[in-house]
Every structure is written in structure tokens, then in C-alpha cells.
Amino acid sequence: MKIPILLANNDAAFTEQLIAAFQQRHPEVDVLLPGQPGSDKVQVAACWFPDDTLLTNYPNIKFIHALSAGVDHLGESLLSSGLPICRIVDERQKQGMFEYVLWGVLNVHRYFDLAALNQRQNRWQRYKQKAASDIRVSVLGLGALGEYVAKGLADLGYSVSGWSRSQKAMANITCYSGEASLSDMLGQTDILINLLPLSPVTRGILSHKLFDQLPQGAYVINCGRGGHVKEADLIQAVTRGHLRGAMLDVFDEEPLPETNPLWTTQGIVITPHMASDAGETVVVDQVAENAARFLRGDALLNPINLDHGY
Ligand code: NDP
């Protein structure tokens, strides 16, 4: 029997890729797009920025699968619906995230950012090389991606700390948890990497309040979500020289509007939400597997905690 899945995806090119991958790898799945005959009877929805009327228009949906690691794009109506929600966890995506972060860390550690800036002014300036162990890197979020990144950097010899909601114990990583301990970690941070999920608690966390607790000259890498950053605060912290700079992959409004001052703030590096994506084969494999599990009544893979919203 076919497994019907409603594909509620606002990205047309991504939808085409997923349909092709489902056809090739999962002939047992019947992909339906919103509005197609039979879509109103489907119980499983696979979503990326779905309309907030999804559950009103498709009241038979009983299980939501995000087509991504983060689930914030599902919106309040799905996240508070009480329906089970799963997300993608992909080993290749973890490695991709590590590669992206490593670029940022090396840029700062080995002064490649300043060398590139100096070149624009025909300026020859050498910098004293530091050992990786002299660079204190802190990771906000020690989940699937944050843990992988923190461990990878620790393996390369960096002095790594990490912060999560619940307390962790990880070899070669100083682990902090809870709001009260955050400032202890921030005060000992040269490079801060954000890999938190966006939730009502973490929204706007990269603000003046946080930047002021970082030492003078610290650097920020944001791979979480744009909603974590108070953009005006960041621009000010970089412009007044408190922060050496920032590398940003995600933005409140994507694509980042041409007129946004982040583009032209010296010391800020912009990338277009390309830190790391989950391959479409992994996405369709996990969605198909979870849809089958849901319909059989079996335990789901990678469910989010509905109380915490991630
Ligand atoms: P996980 O859910 O696996 O991990 C989230 C981590 O954040 C956990 O360690 C969690 O703590 C911690 N956390 C959550 N809320 C708080 C809080 N209030 N205080 C302290 N710690 C908190 O997520 P992933 O690692 O898979 O992904 C993280 C995010 O990365 C995604 O939500 C997405 O936004 C972003 N992302 C960005 C991509 C890009 O290309 N830029 C690609 C993929 C993801 P605990 O362990 O205690 O629960």
C-alpha cells in the first residue's frame, strides 16, 4: 500500500528535487502537493515554511516532519498544535557545518581576515602566530551540530567550551548549562559560535547584553538563525571596535535585502544560508521512514521535544 505524504514546501526548486528523490528511492511513497486531489485526506505532512493555515486546510494531518534540522520555520500554529513533530539529523550536514565553522575560526586564529583587509590597502603587516590552544572557542548549543563542531575543534587543539540547556559531560570540552552560567563562559571566549535552535527563549540572544560580556576583540559566528541576532546591536558592537567582527550565515529576512547595512559593515562577513544543508536523499529517506513508522504506530526517529519547541 502507498504511503501518502503532503509536501508543503515554499521552495519550488527544493520541491522538485524532493519529488525526484522520492520517485527514485521511495516508490512506496505517494507525494501530494497542496491542492492536489486526495491531499485533504493525507495524515503526514513534510514541511518547509508551510502556510500557517496548513492545519485548517488539511485537518486530517496527524504528523508533521520538518524538511530540515531546525523547526522554527513551522510557525507557531504547528509548533503549538500538540501533533508529533520530527526533524532531520544528517551526519553529512554535521561535517558540512564543521567545515563552515572551521573556515571562520581559522580566519580569526591565523589573521586571514586582517590579511585580506590589509591587501585592499597594499599593506604588508605580519601577525604573531598563536597556538590553537591559545584560542578560546565557545559554542552556544551542544546538540547534534554543536556537539560535532565542538568536538572537531577540540580535536584540532582549540580550547573549547559549550553551553546547553541541560548539563553535559564531554571529553576536552568545558560544559556550561543554564542561563546563570552563560556569562562565565562568555567572559572567557575569543570566538563565539551560535548553534542554538530559534525558540521564544533564544530569540534575540545575540544582543548588546551578550556582546558586552565578551572580551574586547572577540569574534561571533552565527550559524543558528537570523532571529538570534539583534542586528543593530551587532553592527554597533563591531563598529565601535568591541567585537573584531562577525561571520553571519542566517538572517531574519532571507534573502538579506540589498539595503541592509550588515552587507557593508567592515568586519562582517555574509554568507547566504549555505553553512550546511541536509542532502535530499537523507531528507527523503528519513521522511519516508518516519511516515511508515507513524502509520504503523512505531517509535519515531528524531522527534522534537514539544515542550521546549526544538
Ligand atoms: P539540536 O536540537 O540537536 O541542539 C540544540 C542545542 O541547543 C541543544 O544542546 C540544546 O540544549 C541547546 N539549547 C536549546 N535551547 C537552549 C537554551 N534556552 N539555553 C541553552 N541551550 C539551549 O539542534 P541542532 O544542533 O541539530 O541544530 C541547531 C540549529 O542549527 C538548528 O535549530 C538550526 O537553526 C541551525 N542550522 C543552521 C544551518 C545552516 O546552514 N546555517 C543548517 C542546519 C541547522 P539541550 O542539549 O540541553 O537540549
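Residues numbered from 1 in each chain as written. Predicted model: local features only at pLDDT ≥ 70, side-chain atom pairs only at ≥ 80, totals over all residues. Heavy atoms only, no water.

### What about the UniProt feature "domain: D-isomer specific 2-hydroxyacid dehydrogenase NAD-binding" (unreviewed entry) in the chain?
Mapped onto the present numbering, the UniProt feature "domain: D-isomer specific 2-hydroxyacid dehydrogenase NAD-binding" (unreviewed entry) falls at residues 104-275. Helix makes up 27% of residues 104-275 and strand 20%, and the two end C-alpha atoms of the span are 11 Å apart. (UniProt positions renumbered as here; feature names shortened; annotations may be inferred. Helix = DSSP H or I, 4+ residues; strand = E, 2+ residues; numbered from the N terminus.)

### Notes on the layout of surface pockets
Reported here for the second largest pocket is a volume of approximately 570 Å³. Along the wall of the second largest pocket there are 23 residues; nearest its centre are Asp72, His73, Leu198, Arg203 and Arg225. In the lining of the second largest pocket, the residues fall into seven nonpolar, eight polar and eight charged. When residues of the lining of the second largest pocket are sorted by domain, at least three fall in each of domain 1 (3-90 + 278-296) and domain 2 (92-270). (1 Å grid on protein atoms, 1.4 Å probe; cavity = no way out; pocket = protein on both sides within 12 Å on 5 of 7 lines; lining within 4 Å. Points joined across faces, edges and corners; volume = space filled by probe spheres on them. Nonpolar A, V, L, I, M, F, W, Y, C, P; charged D, E, K, R; others polar. Domains from an automatic or database assignment.)

### Thoughts on the pattern of salt bridges
For the structure on display, the rule yields eleven salt bridges. Notably, a salt bridge pairs aspartate 40 with lysine 41, separated by 4.0 Å at the nearest N-O pair. Taking relative accessible area as the criterion, lysine 41 reaches 62% and is therefore assigned exposed. Arginine 225 serves as the salt-bridge partner of aspartate 72, at 3.0 Å between the closest nitrogen and oxygen. You can see aspartate 72 sitting in the loop between strand S4 (63-66) and helix H3 (76-79) and its partner arginine 225 sitting in the loop between strand S10 (218-222) and helix H9 (231-239), a full 153 residues away along the chain. According to the relative accessible area criterion, arginine 225 is buried, its value standing at 15%. (Salt bridge = Lys/Arg side-chain N within 4 Å of Asp/Glu carboxyl O. Buried < 20%, exposed > 50% of the residue type's maximum accessible area, 1.4 Å probe, protein only.)

### A few points about the site of the ligand
Inspection of the region around the ligand gives 30 residues, with Arg87, Leu145, Ser166, Lys168 and Tyr310 positioned closest. One of the backbone nitrogen or oxygen atoms of serine 276 is found 3.2 Å away from an oxygen atom of the ligand. Protein chains shield 92% of the accessible area of the ligand, which is 940 Å² for the free molecule. At the level of secondary structure, the elements contributing two or more residues to the shell around the ligand comprise helix H4 (91-109), helix H6 (144-155) and strand S7 (159-164). Here the shell around the ligand takes three residues from H6, the largest share from any one element. Split into classes, the residues belonging to the shell around the ligand amount to 14 nonpolar, eleven polar and five charged. Built from parts of two domains, the shell around the ligand gets at least three residues from each of domain 1 (3-90 + 278-296) and domain 2 (92-270). (Near = heavy atom within 4 Å. Polar contact = N/O pair within 3.5 Å; in protein donor to acceptor, adjacent residues only side chain to side chain. Areas by Shrake-Rupley, 256 points an atom, 1.4 Å probe, with all protein chains shown as cover.)

### Things to note about the sheet that holds S4
Pairing within the open sheet is parallel, and its five strands lie in the order S2-S1-S3-S4-S5. Looking along the sheet, the strands with just one partner apiece sit at the ends: strand S2 (29-32) and strand S5 (85-86). Examined bridge by bridge, S4 and S5 share two bridges and lie parallel to one another. Directly across from histidine 65, in S5, lies its bridge partner cysteine 86. The strands touched by helix H10 (residues 280-296) are strand S1 (3-9), S2, strand S3 (44-48), S4 and S5; relative to S4, the strand with the most contacts, the crossing angle is about 165°. (Pairing = 2+ DSSP bridges. Contact = heavy atoms within 4.5 Å. Axes fitted to C-alpha atoms, helices over the stretch in contact; angles between N-to-C directions.)

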